[in-house]
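Given next are the chains, with one letter for each unit.
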Amino acid sequence: DFVRPAMKQNRPVRQRQRILPVCVVVSLAVLQLLGGSVLSWTAGATRRTLLVAGGVALGQPLLGAAPPARAELVPILETAIKMRSQDVQLTADAWVYDIRDAVKRGNWSDLDVTFNPAATGATLDAAYVRYVLPVKFLVDGSEDFLPGAEDTVPKLEAALQKVRESIKPRDEAAVFKAVDAATSAMNSLMKVLNQLIAEEKAIQRIPKFELVPADISTYARSQRQYLLNKCNREAPSAIGVGDSLGNLCEIIADQWLDARLKR
């Protein structure tokens, strides 16, 4: 019997020994989240998110499993920006040049094909793939970390639908209005991304986005630059890599531009 009291006395000590390392590890993890530079900014919202995540992490050993914290979206957004930044700028270019240029030159038949899924037999029409999907890849799942641009994708989808509806009656004014709505949504997103790029060391090497001005003629990116960047982005799988790719895209961009100007 004299052994049992000693065992009871040792039991609280062992429990404290198990709890102490867990608290130390969790505290270090929370400090790392709060002090890290990986996209910890979103107009103060992310800091609050990380604090909530820290509270969940501290309580988890005692309360059991907890749902994933929203702070997990932060590295996802960082990766998405690194992978999709060029695609987002090209999407803005496409809204500026492709549709507007086709309408101005009366190439409604080209738009009929682009905006008609049945024309290609695809589930998604080429227009959605070109004018919405690249942005959707970046924004989806990270809306909470893009204040002011959370609804970019729905706005682009609405603009796309309006263009589709306006092509049938050949309503030029309605098409231009829809394009303006789309470029406005793109500008909201690119402003937020530019602020992130300015604030976060992890992505500061990414070139800042060029916003679309009200006067398209003053847009910083020319149509040739758009076509050249588009070729460089799309061509590797079809042409190859290295210096020859750059030379080929220079030629291809000129050919694309000449074809547009001659229509």
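Owing to the predicted nature of the structure, the values given are computational and were not obtained by experimental measurement. (Residues numbered from 1 in each chain as written. Predicted model: local features only at pLDDT ≥ 70, side-chain atom pairs only at ≥ 80, totals over all residues. Heavy atoms only, no water.)

Draft legend 1. Looking closely at the overall build of the protein chain. Helix and strand counts for the protein chain stand at 11 helices and 0 strands. By residue count, 38% of the 263 residues in the protein chain fall in the buried class. Taking all contacts inside the protein chain whose residues are at least 6 apart in sequence as the whole, residues at least 24 apart take part in 68%. For the protein chain, the computed accessible surface area is about 15000 Å², with 56% contributed by carbon and sulfur atoms. (Helix = DSSP H or I, 4+ residues; strand = E, 2+ residues; numbered from the N terminus. Buried < 20%, exposed > 50% of the residue type's maximum accessible area, 1.4 Å probe, protein only. Contact = heavy atoms within 4.5 Å. Areas by Shrake-Rupley, 256 points an atom, 1.4 Å probe, with all protein chains shown as cover.)

Draft legend 2. Structural context of the packing of aromatic side chains. Throughout the structure, instances matching the rule amount to 4 aromatic pairs. Ring centres of Tyr-97 and Tyr-219 lie 6.1 Å apart, and the angle between their planes is 45°; this geometry places the pair in the tilted category. With Tyr-97 in helix α3 (residues 73-104) and Tyr-219 in the loop between α9 (172-199) and α10 (223-234), this pair connects stretches of sequence that are 122 residues apart. For the pair Tyr-97 and Tyr-219, one class covers both residues: buried. Here Phe-115 and Tyr-131 contribute two aromatic rings whose centre-to-centre distance is 6.1 Å and whose plane-to-plane angle is 15°, an arrangement assigned as stacked. Here the residue Phe-115 occupies a position in the loop between α4 (108-114) and α5 (117-120), and Tyr-131 occupies one in helix α6 (residues 126-131), the gap between them amounting to 16 residues. Following the ring pairs from residue to residue traces out a cluster consisting of Trp-95, Phe-115 and Tyr-131. Looking at Lys-230, its charged tip hangs above the ring of Trp-256, at a distance of 5.7 Å from the centre. (Phe/Tyr/Trp six-rings, centres within 6.5 Å; stacked < 30°, edge-to-face > 60°. Lys NZ or Arg CZ within 6 Å of the ring centre and 35° of its normal.)

Draft legend 3. Just unusual backbone geometry, in detail. You will see that Arg-170, though not glycine, has its phi angle at about 55°, which is positive. A relative accessible area of 36% means that Arg-170 is categorised as partly exposed.

Draft legend 4. Spotlight on the state of the cysteines. Scanning the entire structure with this criterion turns up 1 disulfide. The partner cysteine of Cys-231 in its disulfide is Cys-249, sulfur to sulfur 2.2 Å. Because the torsion about its S-S bond is -75°, the bridge between Cys-231 and Cys-249 counts as left-handed. Of the two residues, Cys-231 is situated in helix α10 and Cys-249 in helix α11 (residues 243-262); the sequence distance between them amounts to 18 residues. (Disulfide = S-S within 2.5 Å.)

Draft legend 5. Fine view of the side chain of Asn-194. Within the secondary structure layout, Asn-194 lies in helix α9. Overall, the relative accessible area of 15% leaves Asn-194 in the buried class. The contact partners of Asn-194, leaving out residues within four places of it in the chain, are Lys-208, Phe-209 and Leu-211.

Draft legend 6. Here's a closer look at the nonpolar core. By size, the foremost hydrophobic cluster in this structure holds 60 residues, and its most contacted members are Trp-95, Ile-99, Phe-115, Leu-138, Leu-146 and Leu-193. Only α3, α4, α6, α7 (133-139), α8 (152-167), α9, α10 and α11 provide two or more residues apiece to this core. (Core = buried A, V, L, I, M, F, W, Y, C linked by side-chain atoms within 4.5 Å.)

Draft legend 7. Examining the packing of α8 against α9 more closely. Following both chains from N to C, one finds α8 and α9 inclined at 165°, their axes separated by 8 Å at the closest point. Our classification of the angle between α8 and α9 gives roughly antiparallel. When you trace α8 past α9, the crossing you get is left-handed. For the pair formed by α8 and α9, the contact residues are Thr-152, Lys-155, Leu-156, Ala-159, Lys-162, Val-163 and Ser-166 on the first element and Ala-174, Val-175, Ala-178, Ala-182, Ala-185, Met-186 and Leu-189 on the second. The residue makeup of the contact of α8 with α9, split by class, is 10 nonpolar, 2 polar and 2 charged. (Axes fitted to C-alpha atoms, helices over the stretch in contact; angles between N-to-C directions. Parallel < 35°, antiparallel > 145°, perpendicular 65-115°, else oblique. Left-handed = near helix turned anticlockwise from the far one by under 90°. Nonpolar A, V, L, I, M, F, W, Y, C, P; charged D, E, K, R; others polar.)

Draft legend 8. Broad picture of α10. For α10, built from 12 residues, the straight-helix expectation of 16 Å at 1.5 Å per residue is met to within 8% by its first-to-last C-alpha distance of 16 Å. Among all positions of α10, only Gln-223, Tyr-226, Leu-227, Leu-228, Asn-229, Lys-230 and Cys-231 are buried. (Expected span 1.5 Å × (residues − 1).)

Draft legend 9. Quick look at the pattern of salt bridges. Enumeration according to the criterion identifies 14 salt bridges in this entry. In this structure, Asp-87 engages Arg-233 in a salt bridge whose closest nitrogen and oxygen atoms are separated by 2.7 Å. Taken together, the residues span a long stretch of sequence, with Asp-87 in helix α3 and Arg-233 in helix α10 at a distance of 146 residues. Two residues, Arg-224 and Glu-250, come together in a salt bridge whose shortest N-O distance is 2.6 Å. (Salt bridge = Lys/Arg side-chain N within 4 Å of Asp/Glu carboxyl O.)

Draft legend 10. Spatial organisation of the environment of Leu-227. Following the sequence through the fold, Leu-227 ends up in helix α10. Judged by relative accessible area, which is 1%, Leu-227 ranks as buried.

Draft legend 11. Expanded view of α9. When the terminal C-alpha atoms of α9 are compared, their 41 Å separation across 28 residues agrees well with the 40 Å that a helix rising 1.5 Å per residue should span. N-capping of α9 is provided by Asp-171, with a side-chain oxygen placed 3.4 Å from the backbone N of Ala-173. (Polar contact = N/O pair within 3.5 Å; in protein donor to acceptor, adjacent residues only side chain to side chain.)

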